[in-house]
Amino acid sequence: MDVNWLKLPDDIIADIFKRLVDIDDYVRFGAVCKSWQSVKQANKRNRFSPWLLLPEGEINTQDHNHNDINNYHIRKFFSLSSRKTLYLNLLETRGRRCFGSPFGWLFTIGLDLNIHLINPLTRIQITFPSQPTFQYQYECHVDPKDMRTIFVPKFALSSINPNADQGNCVVMVIYSQFRKLAFARPGDESWTAIETPPEETHKDVVCFKDQFYAVTGRGKLKICEIDTSQPRTLDFMPPPEDMCGDLHLVVRIFDQDESAPEGVFRYTTIMFEVYKLDFDSMKWIELFDLGDYALFVGTNASFAVLTSDNPEIKRNSIYFTDDQDDCYDNGDGGGHDMGIFYFPNETFESFYLVSNFAIESCCINYDGCQARSSVDFHYVLLRW
């Protein structure tokens, strides 16, 4: 029996709408007809299945029959739910180092060392203080192409819907070779440093219930106090007992690839451990089952997704990207340590095969030390 899709009851159309997980399907839904568009307006959804932001250098200009100049403004995304590759017109990110986030905003640093937040769907852009306003600048000259890549490895956002006019947004970053903390609001003239012990470095920073938390290089959890005359961090929780590996919001255990070419320091993820902080008992509780959730970890990404709302995302699993900042030499590129870790049987599988291309890799020297770029793969939890 033929079905007239234009005359379906509104409740059936609304049920179809609730099953959408990709932003491109969301856009197509509203373009069917006026009745479908009205259902879309009445049932707005502002969050969609995560996308993987791919490196700018991977764009193949021949795919679109355009010349190189016309393709410089295109950024490539991979949908984890539909397994489709999508292209967005994002001239604002051309030549800029981009970081993904669970709020749908990209944090960008350009060759001009200016810093912005941009929503890749609405293209709204918010300006923040530039890189030279941070403390702990390098004592020797670092080329802007390298500076945009190595100076800020992590950022966290305080608001789901940043608004430059209302000043409701705070950005917290880990910065410099000393991995210190600083924050800024739209309209600030410079980044405000947070007082920390001289020897203390930081691996991750997140905002939870309007409070910033930082994880040190030794796995200690700290609270960031920013609404004081002297912003500082306070000890909150020691690391879990017998912790090994790198702690972000999870413990990620690596093994070095002994078969890697000489001079290439390549690591492979071999296990994950997940700990939940019990705020009542102030103890770390190790989890062996994530239930209906999937975790996303990697370069600047630490967030959870409810898989019942995203049926194409595997439940009880961890999606991870290559976040090691070791330099990939010989033009080999990065993105090798990416995949899905399935908790019940502790197995790994891939979700995106990386082509043989270099990913913004570079090696420079300052004060006798080696600086290495991060691999430019980021999860973005899209919001409209």
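Residues numbered from 1 in each chain as written. Predicted model: local features only at pLDDT ≥ 70, side-chain atom pairs only at ≥ 80, totals over all residues. Heavy atoms only, no water.

Caption draft 1: How the structure looks around the sheet that holds strand 11 (residues 192–193). Across the sheet, four strands lie side by side as 8-9-10-11; this open sheet has antiparallel pairing. This sheet does not close on itself; its edge strands, each paired only once, are strand 8 (154–157) and strand 11. Looking at chain direction, strand 9 (residues 171–175) and strand 10 (residues 180–184) are connected through five bridges and run antiparallel. Residue I174 lies in a different strand from strand 10, and its bridge partner there is L181. (Pairing = 2+ DSSP bridges. Helix = DSSP H or I, 4+ residues; strand = E, 2+ residues; numbered from the N terminus.)

Caption draft 2: Main features of the environment of R148. Inspection of the secondary structure puts R148 in helix 5 (residues 144–150). Assessed through its relative accessible area of 8%, R148 is described here as buried. Each residue touching R148, except ones within four places of it in the same chain, is listed here: G95, R96, R97, I109, G110, L111 and L113. (Buried < 20%, exposed > 50% of the residue type's maximum accessible area, 1.4 Å probe, protein only. Contact = heavy atoms within 4.5 Å.)

Caption draft 3: Main features of the packing of aromatic side chains. Applying the stated rule across the entire model yields 23 aromatic pairs. Considering the side-chain rings of W51 and F77, the 5.3 Å spacing of their centres and the 50° angle between planes classify their relative orientation as tilted. In this pair, W51 sits in strand 1 (residues 51–53) while F77 sits in strand 2 (residues 74–79), placing the two residues 26 residues apart along the sequence. Each of the two residues, W51 as well as F77, counts as buried. Members of the aromatic cluster, each reached through a chain of ring pairs, are F128, F134, Y136, Y138, F151, Y175, F178 and W191. (Phe/Tyr/Trp six-rings, centres within 6.5 Å; stacked < 30°, edge-to-face > 60°.)

Caption draft 4: Local environment of helix 1 (residues 10–18). For helix 1, the full list of buried residues reads I13, A14 and F17. Each buried residue of helix 1 lies within a common arc of 100° when the element is viewed along its axis, so the set occupies one face. Seen from the buried face of helix 1, the exposed residues on the opposite side, beyond 90 degrees, are D11 and K18. (Arc of directions from axis to C-beta.)

Caption draft 5: Geometry of the side chain of R96. Tracing the sequence through the fold places R96 in the loop between strand 3 (85–89) and strand 4 (97–99). Side chain to side chain, R96 and T108 meet in a polar contact 3.0 Å long. Of note is the side chain of R96, whose polar atom sits 3.2 Å from the side chain of H116. If we skip the residues at most four places from it in the chain, R96 touches E56, R75, T108, I109, G110, D112, N114, I115, H116 and R148. (Polar contact = N/O pair within 3.5 Å; in protein donor to acceptor, adjacent residues only side chain to side chain.)

Caption draft 6: Spotlight on the sheet that holds strand 24 (residues 347–349). A sheet is described by the order of its strands in space; here five strands give the open sequence 21-20-22-23-24, paired in mixed fashion. Of all the strands in the sheet, just strand 21 (301–306) and strand 24 have a single pairing partner and so form its edges. Going from strand to strand, the sheet's axes swing by 20° on average, the running direction of each strand aside. Relative to strand 23 (residues 339–342), strand 22 (residues 317–320) is paired through four bridges, and the arrangement is antiparallel. In the sheet register, Y319 faces strand 23, and the bridge partner there is I340. (Axes fitted to C-alpha atoms, helices over the stretch in contact; angles between N-to-C directions.)

Caption draft 7: Summary view of unusual backbone geometry. Here the phi dihedral of R123 falls at roughly 65°; this positive angle occurs in a residue that is not glycine. Of note, R123 is situated in the loop between strand 6 (115–118) and strand 7 (125–128). With a phi close to 55°, M282 is a non-glycine residue in the positive phi region. Following the sequence through the fold, M282 ends up in the loop between strand 18 (267–278) and strand 19 (283–287).

Caption draft 8: Spatial organisation of the pairing of strand 9. Along strand 9, five of the five residues are buried, which leaves the element largely enclosed by surrounding structure. Residues V171, V173 and Y175 point to one face of strand 9 and M172 and I174 to the other, with burial holding for every one of them. Pairing analysis gives four bridges linking strand 8 to strand 9, with the strands arranged antiparallel. The residue bridging A156 from the neighbouring strand is M172, located in strand 9.

Caption draft 9: The state of the cysteines, seen in detail. Enumeration over the complete set of coordinates arrives at zero disulfides. No disulfide involves C207; its sulfur sits 9.5 Å from the nearest other cysteine sulfur, which is in C224. (Disulfide = S-S within 2.5 Å.)

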